[in-house]
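Secondary and tertiary structure notes
The chain contents come next:
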Amino acid sequence: MVSLLQGRLPINEDVLLMQKGALLRKVRSKSWKKLRYFRLQEDGMTVWHARQVGGRAKASFSISDVETVHGGHESELLRSLAEEFPLELGFTVVFHGRRRNLNLVANSVEEAQTWMQGLQLLVDFVTNMDQQERLDHDWFQRGDKNQDGRMSFQEVQRLLHLMNVEMDQEYAFQLFQAADASQSDTLEGEEFIEFYKALTKRAEVQELFENFSADGQKLTLLEFVDFLCEEQKEGDRASDLALELIDRYEPSDSGKLRHVLSMDGFLNYLCSKDGDIFNPLCLPIYQDMTHPLNHYYISSSHNTYLVGDQLCGQSSVEGYIRALKRGCRCVEVDIWDGPSGEPVVYHGYTLTSRILFKEVVATVAQYAFQTSDYPVILSLENHCSWEQQEIIAHHLTEILGEQLLSTTLDGLLPTQLPSPEELRKKILVKGKKLGTLEEDLEEEEEEEVEQEAELETESQFESDMQELSPCRKDKKKKSKPILCPSLSVLVVYTKIVPFHSFTHSRENYRFYELSSFSETKAKSLIKEAGNEFVQHNSWQLSRVYPSGLRTDSSNYNPQEFWNAGCQMVAMNVQTAGLEMDIYDGLFRQNGGCGYVLKPDFLCDAQSFFHPDRPISPFRPQTLLIQVISGQQFPKADKTKEASIVDPLVRVEIFGVRPDTIRQQTTYVENNGFNPYWGQTLCFQVLVPELALLRFVVMDYKWKSRNDFVGQYTLPWTCMQQGYRHIHLLSKDGTSLHPASLFVHVCMLDGVKEVDS
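Residues numbered from 1 in each chain as written. Predicted model: local features only at pLDDT ≥ 70, side-chain atom pairs only at ≥ 80, totals over all residues. Heavy atoms only, no water.

**As for the overall build of the protein chain**
Scanning the protein chain from N- to C-terminus turns up 22 helices and 31 strands. Among the 756 residues that make up the protein chain, the fraction classed as buried is 55%. Surface summary for the protein chain: the accessible area is close to 34000 Å², and the carbon and sulfur share equals 48%. (Helix = DSSP H or I, 4+ residues; strand = E, 2+ residues; numbered from the N terminus. Buried < 20%, exposed > 50% of the residue type's maximum accessible area, 1.4 Å probe, protein only. Areas by Shrake-Rupley, 256 points an atom, 1.4 Å probe, with all protein chains shown as cover.)

**Observations regarding helix H15 (residues 386-400)**
Its 15 residues place the ends of H15 21 Å apart at the C-alpha level, agreeing with the 21 Å of an ideal helix rising 1.5 Å per residue. Burial in H15 covers these residues: Gln388, Gln389, Ile392, Ala393, His395, Leu396 and Leu400. Along the axis of H15, the buried positions cluster into a sector of 160 degrees, meaning they face one direction only. In H15, those exposed residues whose orientation departs by more than 90 degrees from the buried face are Glu387 and Glu398. On its buried side, H15 packs onto strand S14 (330-336), helix H14 (357-367), strand S17 (376-382), strand S18 (427-430) and helix H18 (485-488). Directly beyond the C-terminal end of H15, a positive phi value near 55 degrees is found at Gly401. (Expected span 1.5 Å × (residues − 1). Arc of directions from axis to C-beta. Contact = heavy atoms within 4.5 Å.)

**Brief notes about the pattern of salt bridges**
Using the criterion set out here, one finds 32 salt bridges in the structure. In this structure, the salt-bridge partner of Arg237 is Glu234, at a minimum N-O distance of 3.0 Å. Assessed through its relative accessible area of 38%, Arg237 is described here as partly exposed. Arg694 serves as the salt-bridge partner of Glu652, at 3.0 Å between the closest nitrogen and oxygen. In this pair, Glu652 sits in strand S25 (residues 647-654) while Arg694 sits in strand S28 (residues 692-699), placing the two residues 42 residues apart along the sequence. Assigned by exposure class, Glu652 and Arg694 land together as buried. Salt bridges linked by common partners bring Asp581, Arg650, Glu652, Arg662 and Arg694 together as one network. (Salt bridge = Lys/Arg side-chain N within 4 Å of Asp/Glu carboxyl O.)

**Some words on a positive patch on the surface**
A surface patch of positive charge is lined by Arg28, Lys34, Arg51, Arg56, Lys58 and Arg100. Tracing the backbone shows Arg28 in the loop between strand S1 (22-27) and strand S2 (33-40). Given the relative accessible area of 41%, Arg28 is considered partly exposed. (Patch = residues over 30% accessible without salt bridge, like charges linked within 9 Å, V, L, I, M, F, W, Y side chains within 5 Å. Lys, Arg positive; Asp, Glu negative; His and termini not counted. Charge placed at Lys NZ, Arg CZ, Asp CG, Glu CD.)

**Quick word on the packing of helix H5 (residues 153-162) against helix H6 (residues 169-179)**
Across the interface, H5 lies against H6 with an axial gap of 11 Å and an inter-helix angle of 120 degrees. Put simply, H5 runs oblique to H6. Crossing geometry of H5 relative to H6 is assigned as right-handed. Seen from H5, the contacting residues are Phe153, Val156, Gln157 and Leu160; seen from H6, they are Gln169, Ala172, Phe173 and Phe176. A breakdown of the residues in the contact of H5 with H6 according to their chemical character gives 6 nonpolar, 2 polar and no charged. (Axes fitted to C-alpha atoms, helices over the stretch in contact; angles between N-to-C directions. Parallel < 35°, antiparallel > 145°, perpendicular 65-115°, else oblique. Left-handed = near helix turned anticlockwise from the far one by under 90°. Nonpolar A, V, L, I, M, F, W, Y, C, P; charged D, E, K, R; others polar.)

**Looking at the sheet that holds S1**
As summarised here, the arrangement of the 7 strands in space is S4-S3-S2-S1-S7-S6-S5, forming an open sheet in which the pairing is antiparallel. The open sheet is flanked by strand S4 (58-62) and strand S5 (66-71), the only strands paired with a single partner. Here the strands of the sheet are splayed against their neighbours by 35 degrees on average, with no regard to which way each runs. Set on the sheet, helix H3 (residues 109-127) makes contact with S1, S2, strand S3 (46-50), S4, S5 and strand S6 (90-95); between it and S5 the angle comes to about 155 degrees. (Pairing = 2+ DSSP bridges.)

**Overview of the environment of Asp659**
On the secondary structure map, Asp659 appears in the loop between S25 and strand S26 (661-664). By relative accessible area, which is 1% here, Asp659 ends up buried. Counting along the chain gives 27 residues from Asp659 to Leu686, while the straight-line C-alpha distance between them is 6.4 Å. Excluding residues within four positions of it along the chain, Asp659 makes contact with Ile653, Gln684, Val685, Leu686 and Val687. At a separation of 2.8 Å, a polar atom in the side chain of Asp659 contacts the main-chain amide nitrogen of Leu686. (Polar contact = N/O pair within 3.5 Å; in protein donor to acceptor, adjacent residues only side chain to side chain.)

**Considerations on the confidence of the model for the protein chain**
Across the protein chain, pLDDT averages 88, with 88% of residues at or above 70. Predicted confidence for residues 1-5 stays below pLDDT 50, and this span has 21 contacts to residues more than four positions away or in other chains. (pLDDT = per-residue confidence, 0-100.)

What follows is the structure, given as structure tokens:
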């Protein structure tokens, strides 16, 4: 079979053996372990599987879906089956997004190595491929139904439906014939690429180009500078930027030498990260990271060990791997007494499965700083006996080693929380603590600390700290264990205290103490005392967690808690949807490091800001968004080949209550490939510093609820003006390339009446 990538694929012995196929054992759980015949297709880009050799095969995964390949020793599931299957025979295919990992067991060490090395070779090749090459190949493979390496006109018609194109048959045949240079009545290789280029011509971009080009053929340097100034609002840097962009995106060497931009170069620019709606200056770490921790929003996960629901879901270290790799800086660990003296992690009083605490700590040690160097907070929910608390402390100190922060940075009593910069590569323990940090620093001997802790415990923690108290006076009720001093001393800057009132916190608590609030309690406090909550969060950390009624691991909207300055708004990150889109939208900036600096008015202890009733001195803005066109939307229902998307675009703003609003375009009938709207939406926002925008493409249904197609969410402060592309993401947060929206963005100071 001919492939668009023929001659370029990395072919070695491993790849050839994978193309012959192998019987591998697919492992889903300790009880589900079944033989399946896996084979790499001749295109080198897809793996199919069947129940047996020669059986009916179906696609298992595409190489472009794969993030990496791990050996069996890195799989929690395969480790639990080590007595049945030696770890060197196993390997794990890790996918992008939330897709479940694929655990496989080979028949020999050599076979396992063949698949691991071969898959990783192809993954590296795809990663380094040009996006357009990847796209051309992907569409060709989907359209070439009989997999003969050529595409007939009948197959092209089917492909057009797959691409969401409702096209006149005569026009489609004209494009087909024009591309069929060999006159073979089929399209191969370069012929298909020419056909694809003809399909994807952008008339609206051509018109924009000609508006600024004197001859309609090119943009001179001065014409391009005019475009960058007038439309893209690049200001004083436009002249230097124009030269950079021509050098970066103009495909012809002569154009670069003459400092001109062709239509192809102009389109390359508009589709690039420089032409993206998200300001590229906000992609790396651009914020001041030397403020105290309480001045930042901190990406936080709730019940991190769960990868499913809250009642019967699976507990897995995979939850920690995924959370840490997506930039979470606060992960939760619920610890209970386990068998054989080893503490276990699970959701207490439920049917969720259990994992060893020491495996969780080892996983955190390995993955804590792969995505971000900034500190990780281990939020411990400790339900263990004294003896197993000592084991917890031992595992933390032994496994984390130098990563663990076990005393203040300089051994001196601080006056405020340290900054993320000062805490780089450090893991902090958040939990209960005996006594105060001041007392810890005064003690010279650990024995004295233990003696004092035992004396103080009963008097210090009364009814308001039941989880810490020693034997209750009411002997009829089961007593709770005393906190172990060796674990207590590991809590430095993040000591948990119960919340009574904002006045009580101001008068009795210290800056390194923090309280947790259920979503219900936090909402009530915002409503009753929003300004006090803002002031509280200016000097002390707060954590908000989902209601216990969210047994399905659903999420709340984090925005209303961010509006009050709450730093650690914990989410069920395993559950995709609107709420996680908002969450990912905020933390997409600043290098995805998991820390985002709060606006100044949320860091001021005397702030007058009330999240439900914002007043001056905030600078309101008016936003005009012209939704121009869309490009290559995926099908909402991929099982229906003949169905074509009827797309509409909804623009949603999330911020303070008066700013939260949505508007939408009309729908375009039967065109998910290159729909055109040209409609302008107008928004007026009082507090832009807190606003996020979410662009959603929906498939219009007149009989039922509209189907989700794709979305993209970003902070208002990271939005670029001018003609911009918005590259859509799936419900799972993974790229839907090449699906995009083309818009024009204009921001005006003040609240203005605008005739759109």
